[in-house]
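Inside the fold
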Amino acid sequence: MTKQRTAAEAVSHIQDNAVIAVNSSSGLGCPDAVLAALGQRFEAEGSPKNLTSIHPIAAGDFFGTKGVDHYAKAGCISKIIGGSYPSGPSKAEPPLIWQMIVANEVKAYNLPSGIVFDMLREGAGHRPGVLTKVGMETFVDPDLEGGAMNDAAASEPIVRRVNFEGDDWLYFEALKPDVAIIRATTADQRGNLSFESEGAVLGAMEMALAAHNTGGKVIAQVRRVTANGSIRPHDVRVPGILVDAVVEAPDMLQTTATPYDPAISGEVIRPLDSFHMMDFGVPKVIARRVAQELRKGWAVNIGFGVSANVPRIFLEEGCHGDVTWVIEQGAVGGVPLLDFKFGCAANAEAFVASPHQFSYFQAGAFDASLLSFLEIDAEGSVNVSRLRATPHRTAGAGGFVDITARAKTIVFSGTFNAGARMHIDDGRLVIDKEGHTAKFVPKVDQVSFSGRRALAQGQNATYVTERCVIKLTKNGLIVTEIAPGIDLQADVLDQSATPLQVADDLREMDAELFRSESFGLSL
């Protein structure tokens, strides 16, 4: 008996009050046709209503993949648990889900992406929940915000501190979805799924298990349906015994704004000289200085923002392959892509499931992470997850909290303050107009990374900006390097809203970073 259904048929059995889980990362792997049918059904019938929607990583983007916005309607969703959320430019109209969050029309939570996958895994195993130290002393901790994004969520806590064998832990109850909505490339008539044209598997298997093992249903959107026996057993990533309905969507995008690029799915190897390099300027200087923090042979995680350009610096400097890039969506190696293709990599060596990648990160088993910041405070704590004035500019924490929980070395990068206009002249940084908002502040608005906890765990944290490099020490934040052309007092210390110390051996950043020619990166 075929499992093939139309999208409308597949969602017709979703009940009111159901818990649904969606496997996606912005436009990457997003089962958009099924989500659209869900929203259309609610518009026509007023059902299903009062849904709880679970998203380890965001579903949807600003560039043609609506994702969760298809059914982000008053009455349809009552609760949403997300590792991240669709994000975009501050001048753009906020996504519908963000409008609901800000208006307190939905109980909204931001939990670490890896922890959300762990909660699904525990549900699949009929275990009570997750005991972890990931998120302690951050906004996820109930001693701070408990991951609640609005007042509606704060009224119903979903994480608590517990004592187990004499130690404090965070406890997250297991998730047991009634419906899992996932996506693959190919399904055979028995529902076996392969991902040969996808840029990641994400958590498809774990999500399917969580729904199936607790009596729920699994809906799979695919590009094509083939005859039984046409998929090699080793290529099946989700077996048909877990899949209840298959929806064919031949025109689905591979990832954000990309119909299909075989290099993203590892089907071809893209020439290294085909990658666009950064134009010379201030962001490139920052990325170059970040690159100097790495060592040959390291496995290095990168996040969204300036740090995402560091692999291009390695390409340009002839050092590609000296480190292995690892990203939370599951790619290992290759060249991570930029902008809203972030989460994909061309020429990857391997694709692992996101939950496995997060287990790797949560244990601190990799060498370094390169991440961005919105604010940094006197304790070295970082806010990357909340921007009150325009909340939809940030995606929430995503995997940031999982990654930084035990990372040995963390390099945060960004401009020293917001709004400054600068240029580089003959190897020197020139401030044309000073910024309007300090990023170094007495206390961050939201603690995404705890500097105090990092020091207690022996983690190495560095903050790289265009005008200086700062180290986190037990004595506070210490300026260790300044850019050529920069006045320490006027351009650094006076522009910080919190006191900064200065190293006795303060030195100038490598002048070659500020010239357009190769700076001779050597690890």
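Coordinates for the structure precede this section.
1. Comments concerning the nonpolar core
Membership of the largest hydrophobic core comes to 82 residues, with the highest contact counts inside it found for F412 and Y463. The greatest single-element share of this core, amounting to six residues, is contributed by helix α7 (residues 282-291). Once residues within four sequence positions are removed from consideration, F412 is found in contact with L371, S372, F373, V382, F400, F449, A461, T462, Y463 and V464. The next biggest cluster of nonpolar side chains, apart from the first, holds 45 residues, and it includes I54, V201, A204 and M207.

2. Side note on the environment of A483
Here A483 is to be found in the loop between β32 (476-482) and α12 (488-492). When the C-alpha atoms of A483 and E43 are compared, they prove to be 57 Å apart, with 440 residues separating the residues in sequence. Filtering out sequence-adjacent residues up to four positions away, A483 remains in contact with L429, E466, R467, E508, M509 and F514.

3. A short note on the sheet that holds strand β10 (residues 186-188)
What holds strands together in a sheet is hydrogen bonding between their backbones, with the strands either parallel or antiparallel. Overall, mixed pairing links the three strands, which are arranged β11-β10-β13 in an open sheet. Strand pairing shows two members of the sheet lacking a second neighbour, β11 (193-194) and β13 (224-226), which therefore form its edges.

4. Points about unusual backbone geometry
That bond from S47 to P48 is cis: its omega, 0 degrees, falls within 30 degrees of zero. Phi is positive for N347, which is not a glycine, with a value near 65 degrees. Mapped onto the secondary structure, N347 falls in the loop between β19 (345-346) and β20 (350-351). A positive phi angle, near 55 degrees, is found at D426, a position not held by glycine. The residue D426 is located in the loop between β26 (421-425) and β27 (428-433) in this model.

5. Observations regarding helix α9 (residues 354-362)
By the burial criterion, the buried members of α9 are S354, P355, Q357, F358, F361 and Q362. Around the axis of α9, the buried residues are gathered within 155 degrees of arc, so they sit on the same side. In this structure, the buried side of α9 is in contact with α4 (113-124), α6 (204-213), β15 (299-302), β16 (324-326), β17 (331-332) and α10 (400-404).

6. Points about helix α2 (residues 32-45)
Along its 14 residues, α2 runs 20 Å from first to last C-alpha, staying within 8% of the 20 Å computed at 1.5 Å per residue. Restricting attention to buried positions, one finds in α2 the residues D32, V34, L35, A36, A37, L38, G39, R41 and F42. Where α2 is buried, its residues contact α1 (7-11), β2 (19-22), β3 (51-55), β9 (179-183), β12 (217-222) and β14 (245-248). G46, located one to two residues past α2, shows a positive phi value of around 70 degrees.

7. What about the sheet that holds strand β7 (residues 159-164)?
On the basis of which strands lie adjacent, the open sheet formed by three strands has the order β6-β8-β7 and antiparallel pairing. For this open sheet the edge positions go to β6 (129-132) and β7, each flanked by a neighbour on one side alone. The sheet shows a mean angle of 35 degrees between the axes of neighbouring strands, taken without regard to direction. For β7 and strand β8 (residues 167-173), the ladder comprises six bridges, and the chain directions are antiparallel. Looking at the pairing, N163 lines up with D168 of β8. Contacts between α4 and the sheet are confined to β6 and β8, with β6 contributing the most and set at about 135 degrees to the helix.

8. As for the pairing of β12
The element β12 is largely enclosed, with a buried count of five among its six residues. For β9 and β12, the ladder comprises five bridges, and the chain directions are parallel. Within β12, the residue paired with I181 across the bridge is I219. In the sheet, β12 pairs with β14 via four bridges, with the strands oriented parallel. Looking across to β14, one finds that A220 is bridged to V246.

9. Quick notes on the pattern of salt bridges
Applying the stated rule across the entire model yields 28 salt bridges. R232 is paired through a salt bridge with D235; the nearest N and O atoms lie 3.1 Å apart. By sharing partners, the salt bridges in this structure join R289, E293, K471, E481 and R507 into a single network.

10. What to know about the packing of α4 against α9
One way to put it is that α4 packs onto α9 with a least axis distance of 9 Å and a crossing angle of 120 degrees. By the angle between their axes, α4 is oblique relative to α9. As α4 runs across α9, the sense of the crossing is left-handed. Note on element contacts: α9 touches α4 through S354, P355, F358 and Q362, opposite S113, G114, I115, F117 and D118. Of the residues in the contact of α4 with α9, the class split is four nonpolar, four polar and one charged.

11. A closer look at the environment of Q489
Positionally, Q489 belongs in helix α12. The spacing of Q489 and E349 is 140 residues in sequence and 47 Å in space, taken between C-alpha atoms. In this structure the side chain of Q489 is engaged in a polar contact, spanning 2.7 Å, whose partner is the side chain of D494.

Each value, and the rule that gives it
- Residues numbered from 1 in each chain as written.
- Predicted model: local features only at pLDDT ≥ 70, side-chain atom pairs only at ≥ 80, totals over all residues.
- Heavy atoms only, no water.
- Core = buried A, V, L, I, M, F, W, Y, C linked by side-chain atoms within 4.5 Å.
- Buried < 20%, exposed > 50% of the residue type's maximum accessible area, 1.4 Å probe, protein only.
- Helix = DSSP H or I, 4+ residues; strand = E, 2+ residues; numbered from the N terminus.
- Contact = heavy atoms within 4.5 Å.
- Pairing = 2+ DSSP bridges.
- Arc of directions from axis to C-beta.
- Expected span 1.5 Å × (residues − 1).
- Axes fitted to C-alpha atoms, helices over the stretch in contact; angles between N-to-C directions.
- Salt bridge = Lys/Arg side-chain N within 4 Å of Asp/Glu carboxyl O.
- Parallel < 35°, antiparallel > 145°, perpendicular 65-115°, else oblique.
- Left-handed = near helix turned anticlockwise from the far one by under 90°.
- Nonpolar A, V, L, I, M, F, W, Y, C, P; charged D, E, K, R; others polar.
- Polar contact = N/O pair within 3.5 Å; in protein donor to acceptor, adjacent residues only side chain to side chain.

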